[in-house]
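Given next are the chains, with one letter for each unit.
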Amino acid sequence: IPRPHNAFIIFRNDYAARMKTSPEKKVSIRLISQMASKQWKQQTDAVKLFFKILADMYQHKHRILYPDYKYSPRFNSARKSRRR
């Protein structure tokens, strides 16, 4: 079951879609994420509120589709050994 998207993830997906349709040369996903992060920090409170409302709607839909969903992260055994 996929995790519900938060406001930034929705913004980042929108930003990536706009970047892919631009006539500029191809940009890597990593670079798009970095650029989206910088743009997110510069956005006004109104824009952030818009994406927060979208995230709330997405979360509501997610709760309806997956009523018993509970986030439980799984850790890779290699990550556990690195921490020690």
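If you're wondering where the values come from, they're calculated on a predicted model, not measured in any experiment.

Enquirer: Help me understand the overall build of the protein, please; the structure alone is not making it clear to me.
Expert: If you tally the helices and strands in the protein, you get four helices and zero strands. Seen in sequence order, the protein has helices and strands lined up from the N terminus as α-α-α-α. Across its three principal axes, the protein shows a C-alpha extent of roughly 40 × 35 × 25 Å. Classification of the 84 residues of the protein by burial places 15% in the buried group. By sequence separation, contacts in the protein at least 24 residues apart represent 66% of the contacts at least 6 residues apart.

Enquirer: It is not clear to me how the UniProt feature "domain: HMG box" (unreviewed entry) in the protein should be interpreted in this structure. Could you clarify?
Expert: UniProt annotation of "domain: HMG box" (unreviewed entry) refers to residues 1–70 when read in the numbering used here. From the first C-alpha to the last, residues 1–70 spans 10 Å; its make-up is 71% helix and 0% strand.

Enquirer: Could you clarify how one ought to interpret the nonpolar core in this entry?
Expert: Note on soluble globular proteins: their nonpolar side chains tend to be buried together. Counting residues in each nonpolar core, the largest one holds eleven residues, listed as Ala 7, Ile 10, Phe 11, Tyr 15, Ala 16, Met 19, Ile 32, Ala 36, Trp 40, Phe 51 and Ala 55. Where this core is concerned, the elements lending two or more residues are helix H1 (7–21), helix H2 (29–42) and helix H3 (45–65). Among the elements that line this core, the one with the most residues is H1, at six residues. Once you skip the residues sitting within four places of it in the chain, Ile 32 turns out to touch Arg 12, Tyr 15, Ala 16, Met 19 and Val 27.

The rules we used
Residues numbered from 1 in each chain as written. Predicted model: local features only at pLDDT ≥ 70, side-chain atom pairs only at ≥ 80, totals over all residues. Heavy atoms only, no water. Helix = DSSP H or I, 4+ residues; strand = E, 2+ residues; numbered from the N terminus. Buried < 20%, exposed > 50% of the residue type's maximum accessible area, 1.4 Å probe, protein only. Contact = heavy atoms within 4.5 Å. UniProt positions renumbered as here; feature names shortened; annotations may be inferred. Core = buried A, V, L, I, M, F, W, Y, C linked by side-chain atoms within 4.5 Å.

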